[in-house]
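# Understanding the architecture of this molecule
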Amino acid sequence: METLEILEKKEKISSTGNCIEIKDLRISFPAKSGKIFTAVKDINLNIKSGEIVSIIGHSGCGKSTIMNSISGLVKPSEGTVIVNGKPVKGPGPDRGIVFQNYSLLPWFSVYRNVYEAVDSVHQEYTKAEKHEWVEKNLEMVNLLQHKDKLPSQLSGGMKQRTAIARAFAINPSVLLLDEPFGALDALTKSALHVELLKIWNLNHRKQTIVMVTHDIEEAIFLSDRVVVMNDGPEATIREIVHIPIERPRNKKEIVHTKTYMDVHDKLLSLLVKNLSIEDAGVAYE
Amino acid sequence: MKKIFSLETLKNLGGFVVSMIILLIIWSLVSYITKNEIPGPKATWLVFKEMMADPFYDYGPNDKGIGVQLFSSIKRVLMGFLLGSIFAIPIGILMGSSKIAMKIINPIVQVLRPVSPLAWFPLGLLAFKAADGATVFIIAITSLWPTLINTAFGVSNIPNDHKNVGKAFGFSKWRYISRILIPFSLPHIITGLRLSIGIAWMVIVAGEMLSGGVGIGFFVWDSWNGLSLEKILSAILIIGFVGLILDKIFSGVHTFFEYEAKS
């Protein structure tokens, strides 16, 4: 019950109803040659509260750069990023991040990795409350029995679950997932997709989730909208595709629906130019 | 659990024994060639036994047992080493975490690091007005460099992933230092401390030869004045073994703090 109260407190949506507003965003870095390298430009994207949005594109298209501008790890060169009505000035506990390579601290146990985040963000909790909250989050990702293990003793899927538990444990209104399932095998990946949606449901679908991926099936299954990027450098948004599939979604059932196939085809053709070797200019012998 | 008497430890032990035998053979040869001007292992052993019979006797300022000498040396080394490390670790952390600090401090380090301990001695005398303080001072100032450089190296190599964890979860400065910076750099810091204690132990002999009074270095010099080469050789062996033990202690600490680096 206590959890709910905290969630509600955090849930201050801006007047427009958007949780994240990205306006005319351009991000450039100084390149080694002394020139300026522009990763992304002209990015305009509004994300509603409680929406799940995937950003999809080829490697190097600036997906992660957009993500990092929301998390505050990268500063915009031009334009603004507004989260919960406030311009992003740096990383903050209103946004939970699940990093691409898990980024667990290798010298701490699973429990301690989550605890340190909770201890840092929820300083108003008592020690017992923190402990209880950490255990609850570990239970959510089924890791309670492995809580004393070090990250080096975990499988990839377990590491990712720890990272997810850590991100959820700080009660963020926005959850940022940077290719969270990229390094996992297909079976583990599927299980974690369901698990992620389960936690999102448990939190009454209030959290806004932004995810970077290059997996079309994953994007369709999880998202309300998919943002397809053009190739970089100077990448822009190619198209934003709505996923008109009702929740709760059943992975096995939806793949056979026409909507799914249409969306899948559309995303595929947006992302991949050459769909057969004939398209690549090679004729069958 | 590792077995204490595994094949591997047996092999290591065997290697050590063979190595010591070779050392004894070379020593005997040198002794033979110099017509016993440099005493051989046997003559040295007799004197060593005599020295060890009553290592803690104390017959006034210029006549003390080897144990007394050794312990006063170890005490000085530890004091100098601790003093040096107290400065080296925070300065190393500062250098490693700030590029500007690195640019400003590094030239000072590079200039002062190669200075011989003996060159510092007069300054130490001037500052502390006592030979004892001067010895501790030169140990501190010559042994702190490896710790400082290794700490700086460790801290400057903290992966961005770890730093981002601190940023993303709003770690305070102290939480970042205690939960990310120190744990990551600890293996590097301990490697630095291990090199530093080695240097400290090397410097003590030179320091005590200059300072006189009591200590293993003074003992070597005093034995030279008394023309007892057997005592000098015994002292050399003792110095060597104590150095080995100090090194083993730190390598043990290092293994203890080493975490599985792959996350």
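Refer to the preceding data block for the structure.
This write-up is about the structure you can find in this document. All of these numbers come straight from a predicted model, not from anything done at the bench.

### Points about the packing of helix H7 (residues 160–168) of chain B against helix H8 (residues 173–211) of chain B
All names here are of chain B. For the pair H7 and H8, interaxial distance at closest approach is 10 Å and the crossing angle is 175°. With respect to their mutual orientation, H7 and H8 come out roughly antiparallel. Along its contact with H7, which presents His162, Val165 and Gly166, the element H8 presents Tyr176, Ile180 and Phe184. The residue inventory of the contact of H7 with H8, partitioned by class, reads four nonpolar, two polar and no charged.

### A closer look at the pairing of strand E2 (residues 36–48) of chain A
All names here are of chain A. Pairing geometry for strand E1 (residues 18–30) and E2, over nine bridges, is antiparallel. Of the residues in E2, the one forming a bridge with Ser28 is Thr38. Between the antiparallel neighbours E1 and E2 lie five residues, among them Gly34 with a positive phi of about 95°.

### What to know about the packing of H8 of chain B against helix H10 (residues 229–257) of chain B
Residue and element names in this part refer to chain B. Closest axis-to-axis distance for the H8/H10 pair is 9 Å, and the angle between their directions is 170°. In this view, H8 runs roughly antiparallel relative to H10, as classed from their interaxial angle. Where H8 approaches H10, its residues Leu186, Pro187, Ile190, Thr191, Leu193, Arg194, Ile197, Gly198, Trp201 and Val205 are matched on the opposing element by Ile239, Val242, Gly243, Leu246, Asp247, Phe250, Ser251, Val253, His254 and Phe257. A class-by-class count of the residues in the contact of H8 with H10 yields 13 nonpolar, five polar and two charged.

### Considerations on the environment of Ile139 of chain B
All names here are of chain B. You can see Ile139 is positioned in helix H6 (residues 131–156). Note: C-alpha distance between Ile139 and Asn36 (103 residues apart in sequence) is 35 Å. Excluding anything up to four places from it in sequence, Ile139 contacts Arg76, Val77, Gly80, Phe81, Ala200, Val203, Ile204 and Gly207.

### Description of unusual backbone geometry
With an omega of -5°, the peptide bond between Arg247 of chain A and Pro248 of chain A qualifies as cis. With respect to the secondary-structure elements, Pro248 of chain A resides in the loop between strand E10 (237–242) and helix H8 (251–254). Its identity is not glycine, yet Glu179 of chain A carries a phi of approximately 40°, on the positive side. Structurally, the position occupied by Glu179 of chain A is in the loop between strand E7 (174–178) and helix H6 (186–202). If you check the backbone angles, Asn36 of chain B has positive phi at about 65° while not being a glycine. Tracing the backbone shows Asn36 of chain B in the loop between helix H1 (7–33) and helix H2 (41–53).

### Let's talk about the sheet that holds E1 of chain A
The sheet built from four strands is open, its strands ordered E2-E1-E4-E5 (chain A) with antiparallel pairing. Both edges of this open sheet fall to E2 and strand E5 (86–87) of chain A, since each of them pairs with a single strand only.

### Quick notes on helix H2 (residues 63–71) of chain A
Residue and element names in this part refer to chain A. The buried fraction of H2 is high, at nine of nine residues. Among all positions in H2, only Lys63, Ser64, Thr65, Ile66, Met67, Asn68, Ser69, Ile70 and Ser71 are buried. Looking one or two residues past H2, Gly72 carries a phi angle of roughly 95°, positive in sign.

The rules behind each value
Residues numbered from 1 in each chain as written. Chains lettered and ligands numbered in written order. Predicted model: local features only at pLDDT ≥ 70, side-chain atom pairs only at ≥ 80, totals over all residues. Axes fitted to C-alpha atoms, helices over the stretch in contact; angles between N-to-C directions. Helix = DSSP H or I, 4+ residues; strand = E, 2+ residues; numbered from the N terminus. Parallel < 35°, antiparallel > 145°, perpendicular 65-115°, else oblique. Contact = placed C-beta atoms within 7 Å. Nonpolar A, V, L, I, M, F, W, Y, C, P; charged D, E, K, R; others polar. Pairing = 2+ DSSP bridges. Buried ≥ 20, exposed ≤ 12 C-beta atoms within 10 Å, placed from the backbone.

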